[in-house]
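# Working through the structure, step by step
Residues per chain are reported as follows:
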Amino acid sequence: MPYFIQSKILETFLQVLNMSLTASTIIVFVLVARLLLKKAPKVFSYAMWSVVFFRLLCPVSIESMFSLLPVNASPISTNTIYSETPQISTGIAAVDNIINPILPAPANGASVNPMQIAAAIGESLWLMGIVVLLSYSMVSLFRLRKNLIGAVRLQDNIFLADHIASPFVIGLFRPKIYLPSALPEQERSYIILHEQTHIRRFDHVMKIVAFAALCIHWFNPLIWVAFTLTIRDMEMSCDESVMKRLGTNIREEYSASLLSLATGRKIIAGTPLAFGEGDTKSRIKNVLHYKKPALWVMLAALAGVAAICIAFASNPQRTSMEWARNLRVEDVEKIELVDEKFLTLDELKLIAQKGDAISWDDFAPYYGQSIGFGLYIMHYPMEQSYYVRVGGVPKEPPMYVYLGSTETEQYIDIRKESIDEFIQNSEAERIVFWVKPDETPQVIGEVAVVQWLNRYKGDTVSDLERITDYTVDSVNVISGTPKAGQTWLDMPYHYVVRAKYSIATATEEYLAPADGVSGKGLFEGLFRELCVKSLGDGYFEVVSIGTGGGEQAFLQQ
């Protein structure tokens, strides 16, 4: 199997595990809330299961301050699989302390991590389970359709069939109701209304959603509990809806209808596109004890269900550093300094000399962050405006070793391309100019200002920086002198050039925060301070550009 497909399967499998663990926590809360809502209409218990299946099937979730989820939504990562000291982070310290010590770590010199073996076995079993459940569902549906041969339309989407013992709904976009032919006529009205209520509430769609979640998370026993109770609450709430519409005086006749249909359910129990009525004992008991609830019970149940859905549909917000703003010295009990060694360009050049022999261990001494999911990727920030990313499979040669620029967003593989050439191409264009040798500092300064301003003209300049014209009002040059023991070549710059100038901008997008200038128009009385260094033979370079000391500093010279 290609590595890309294999990594995607692993990524999906780990995501399913994380979603299943998160949903398990929510299921426990829903089970407790379901007991508290025992006296409330079953539609509220049924509604609570929606947040469970949302977390089981939706791979993304927003963060919210209202979230009460007590666990980390992604406790298992690829680091857990490939790390030499595998760990999970559930967000519950007691659970982490129990599980992490028993996670198998690779032995010294071992070529394969035990966690990788466990993940590979888990992937295979997970996929096999999905195939088995889907196959069983398709076979059950095929058998059921055979029993529907010869069915006769009663009215609209309602059919009578001879070889079925229980009514059910089948279909997704055009659901049909099938009733046993032997069903007494006086009982049909109740059963038809019951099945029509299912369709009107889109219960047949909910059943498919729940079954899809069961197929994906079949390995989790709590999901089976959730699936079973969801179908039970669905049926009971539907029974209550029928009685609310026809009146509680039909409860005895309705219960008798359920009892007479209490056989022949197994063939359709696992078929998501066709579901009938199950758990007759609980349904009859619920029907016989049903009475219209008080208004306060309805309101309390509604508030409870809404609170649970809001609290568990989102993840907790990531911890911010706002607390540090008000931190006082006396509140600090202990300070630990962590030595984080950042990778430098010089050290990277030494590593690059190894070429294809570069390994993960070459970057072990440096601070890095894991940013991969599925594919192991380490990101190494650098003190300069560069970074290194190494990707691949641990214990194997890296698939790539990229040096990237945060300014140009370009990158190279240091095993194949020159770091020096990349840096040279990444750096901003130098302002180097030539004047006649032995020219006065004033002329050097004036040429420097013109060269600098000319860089911002032309179509190749972005709208944020482009100007259409400029005028240089005045230039003042200050010459530097070497310090004791310092030569001209050792000096960072030889001249400070202070210029007063005006510009006409090209677009409304123009922005120069240092000057307080934005938009399109003519702007006068601007100042800049350029530091100029001699390169010899009449060549000079503008080595830095600042805002200068303003007009007053300019006039004082």
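Structure's up top.
Residues numbered from 1 in each chain as written. Predicted model: local features only at pLDDT ≥ 70, side-chain atom pairs only at ≥ 80, totals over all residues. Heavy atoms only, no water.

Moving on: helix H5 (residues 114-147). Along its 34 residues, H5 runs 50 Å from first to last C-alpha, staying within 8% of the 50 Å computed at 1.5 Å per residue. By the burial criterion, the buried members of H5 are Met115, Ala119, Gly122, Glu123, Trp126, Gly129, Ile130, Leu133, Ser137, Ser140, Leu141 and Leu144. (Helix = DSSP H or I, 4+ residues; strand = E, 2+ residues; numbered from the N terminus. Expected span 1.5 Å × (residues − 1). Buried < 20%, exposed > 50% of the residue type's maximum accessible area, 1.4 Å probe, protein only.)

Attention now goes to the packing of helix H2 (residues 42-57) against helix H8 (residues 221-246). Interaxial distance between H2 and H8 falls to 8 Å at its minimum, and their mutual angle equals 145°. The crossing of H2 and H8 is left-handed. Here H2 contributes Lys42, Val43, Ser45, Tyr46, Trp49, Phe53 and Leu56 to the contact with H8, which in turn contributes Ile223, Ala226, Phe227, Leu229, Thr230, Asp233, Met234, Met236, Ser237 and Glu240. Considering only residue class, the contact of H2 with H8 consists of eleven nonpolar, three polar and three charged. (Axes fitted to C-alpha atoms, helices over the stretch in contact; angles between N-to-C directions. Left-handed = near helix turned anticlockwise from the far one by under 90°. Contact = heavy atoms within 4.5 Å. Nonpolar A, V, L, I, M, F, W, Y, C, P; charged D, E, K, R; others polar.)

To continue, consider the sheet that holds strand S9 (residues 376-381). Taken in spatial order, the five strands make up an open sheet running S8-S9-S10-S11-S12, and their pairing is antiparallel. At either end of the open sheet lies a strand with only one pairing partner, and these are strand S8 (369-370) and strand S12 (411-413). Looking at chain direction, S9 and strand S10 (residues 386-392) are connected through six bridges and run antiparallel. Along S10, the bridge assignment pairs Tyr376 with Gly392. (Pairing = 2+ DSSP bridges.)

Attention now moves to a positive patch on the surface. A surface patch of like charges, here positive, comprises Lys38, Lys39, Lys285 and Lys291. Looking at the secondary structure, you find Lys291 in the loop between helix H11 (280-288) and helix H12 (295-312). (Patch = residues over 30% accessible without salt bridge, like charges linked within 9 Å, V, L, I, M, F, W, Y side chains within 5 Å. Areas by Shrake-Rupley, 256 points an atom, 1.4 Å probe, with all protein chains shown as cover. Salt bridge = Lys/Arg side-chain N within 4 Å of Asp/Glu carboxyl O. Lys, Arg positive; Asp, Glu negative; His and termini not counted. Charge placed at Lys NZ, Arg CZ, Asp CG, Glu CD.)

Enumeration over the complete set of coordinates arrives at seven salt bridges. Salt-bridge contacts for Asp233 lead to Arg34; the nearest nitrogen and oxygen are separated by 2.9 Å. Of this pair, Asp233 sits in helix H8 while Arg34 sits in helix H1 (residues 3-36), and the two are 199 residues apart along the sequence. You'll find Asp233 and Arg34 in the same group, each marked buried. Where Asp203 meets Arg201, a salt bridge forms, and the shortest distance between an N and an O atom there is 2.8 Å.

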